[in-house]
Amino acid sequence: MRDEGRKVDALIVGTGPAAAACAKRLTDAGYETVALERKELPRRKPCSGILSPRGHRFLIENFGPLPKEILHSPSSACGVKFHFPSMRTVSMEFDGGPTPHLNRKFADHWAMKQSGAEIHDRTEFIGLEDKGTHVEVSTRKEERIVRYRARFVIGADGPGLAVARAVYPDYAARLPWFVVGQKFHRIIDCPLDDKYFHFWFHPELGHYTWSHARDGRQIVGVGFLKGGNFDNRHKRVVEYLERKHHVRLGPAEEPEAVTANFGPSLINRYIFGRGNVLITGQAAGFFNMIAEGMSCALHSGAIAGEAAVEAFRSSKDAQRTYRGMIASEVRRCSDQWNPLQIAFGRPHEADFRGAMKKLTPGERLGILREMFSFIRLYSPLNWGRQILWQSLRRLLTGRYPATRWL
Ligand SMILES: Cc1cc2nc3c(=O)[nH]c(=O)nc-3n(C[C@H](O)[C@H](O)[C@H](O)COP(=O)(O)OP(=O)(O)OC[C@H]3O[C@@H](n4cnc5c(N)ncnc54)[C@H](O)[C@@H]3O)c2cc1C
C-alpha cells in the first residue's frame, strides 16, 4: 500500500518571511502547520537586509522585539540615497526613523520559530497533486521520498518557484530572469555614508546597482539580465565607485548571486496558484522598488494564511478568497512602480517628493531626465506600455485588474 504520509492542515514550502507570516496566521487560528525548507537551518540568504518601516512594524507586532543577534552592524539604516550619472544625489530618510539591518540567516529562522509552526529542514519540495479535498505532496529528505497530505499548500519558496512550476509547468519559462549578485570588500577608504543604502540610477552600470556597509565591510551589488557576466559587471561598478566616489576597496570576497523573478509587480502579472495551492511572497511576484522584498513577502504571506483560515472556517473557496484579499497588497506593491502614483501620490515609505523639493527646479528637471534615460534600459522587455496601461487602469478604477493574474 502507498504511504500517504503525514497529515497536516497546512503545508508551507519555504521558511523565509512570507512563510513565517503565513505560518503565524495559521498557528494563531489553531491549525496544524508544517513548513518545509530544502536547506539546513539557519540557512544563508543573499540579501542586503534593509527593511522598510512597514516590514519593521510587522515583525514587532507579530513576532515580538527583535533580538540583537539577528542584526548586522550598523544595526539600522536611516534611509536611501539615489545617485545619478551627473553625480547629483537625492537623499531620503525612512518614514518614522531608522529600520533594522537584518541578518537574514538568523532573522528568518527567528521569525519562523516565533510563528509556532513545525519546521522540517533539509526537506525539498519536489511535486504535488491537488485531489480537490486535499493536496498530496512529495518531498526529498536525505535521498528518501517523504510524503505529506495537507488541506492547503502554500508556496512561499521565493524565486525558486518550485510550487509555481508544479501548478503551471510553463510559467517560469515565460519570465525574464535577472541575476542579482553581491560581493563583500574590505574597506580601505569609503566616503559613502554608512547609515544609508546607496542606489545608482546609472544605465551603464546595470539594472540595479547598490552599495552599503555591513559588519565592517562594503557590499557592492549589481543586477542585470541573465546571460551577462557577474564578475565583469561587478568589477565595472567597483572601478566606477573608485573613480567617481573615491571609494577604495580591498579584493572581493564571498561572491553570492541568485537568479530572480523580478518584474511581475511592475506589470501586474502576479501568480497566486490554483485550487488548494496558494502562492505568496516573492514566488507570487511581490517585489518593491529598490529590490525591497521582505515587507511585501511578510504582508502577502500573512494574507495567504488568513485566506486559508477563512477557507477552513467557512468552507469558502480558498483561491477566490485569497485573490479577493490580496488585492490590497497588489495595490501597495505595484503602486511603487506606477509613474502616476510616484508623481502625484506617495507610494514609498521615504519622502522622494520632499527630497526633490529641496533641489532647484533645474536640478529636479535634470534628475527626472536621468531617471527617464535609466528606465529606457528596460525597454527591450517591452514593459513600458504595460506599466502605463496598468497605471491608467489603477487611476480609473482604483485597482489593478485581477484578470492578468495566474
Ligand atoms: C542580493 C539581494 C539583495 C536583496 N536585498 C534586499 C533588501 O535589502 N531588503 C529587502 O527587503 N529585500 C531584499 N532582497 C529581496 C528579498 O531577499 C526577497 O524579496 C525576500 O527574501 C522574499 O521573501 P520570501 O519569503 O518570499 O522568499 P525567500 O526569502 O526567498 O524564502 C524562500 C525559502 O524557500 C526555500 N525553498 C526554495 N525552494 C524550495 C523547495 N523546493 N523546497 C523547500 N524549500 C524551498 C528557500 O531555501 C528559502 O529559504 C534582496 C534580494 C537579493 C537577491
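Criteria and cut-off values
- Residues numbered from 1 in each chain as written.
- Predicted model: local features only at pLDDT ≥ 70, side-chain atom pairs only at ≥ 80, totals over all residues.
- Domains from an automatic or database assignment.
- Contact = placed C-beta atoms within 7 Å.
- Helix = DSSP H or I, 4+ residues; strand = E, 2+ residues; numbered from the N terminus.
- Buried ≥ 20, exposed ≤ 12 C-beta atoms within 10 Å, placed from the backbone.

Draft legend 1. Fine view of the domain arrangement of the chain. For the chain, the assigned domains read domain 1 (6-77 + 100-174 + 264-334) and domain 2 (178-260). Relative placement of domain 1 and domain 2: their C-alpha centres are 29 Å apart. Opposite the ten residues of domain 1 that make contact, domain 2 presents 18 residues.

Draft legend 2. Molecular detail of the environment of Arg-243. Relative to the helices and strands, Arg-243 resides in helix α5 (residues 230-245). Here Arg-243 falls in the exposed class, since 9 other C-beta atoms lie within 10 Å of it. Residues Arg-243 and Val-80, 163 residues apart in the sequence, show an inter-C-alpha distance of 22 Å.

Draft legend 3. Geometry of unusual backbone geometry. In this structure, Pro-42 follows Leu-41 across a cis peptide bond, with omega equal to -5°. Mapped onto the elements of the fold, Pro-42 is located in the loop between β2 (33-36) and α2 (53-63). Here Ser-73 and Pro-74 are connected by a cis peptide whose omega angle stands at -5°. Checked against the element boundaries, Pro-74 lands in strand β3 (residues 71-77). Residues other than glycine seldom take positive phi values, yet Asn-382 does so here, at roughly 65°. As for its position among the elements, Asn-382 is in the loop between α10 (361-375) and α11 (384-397).

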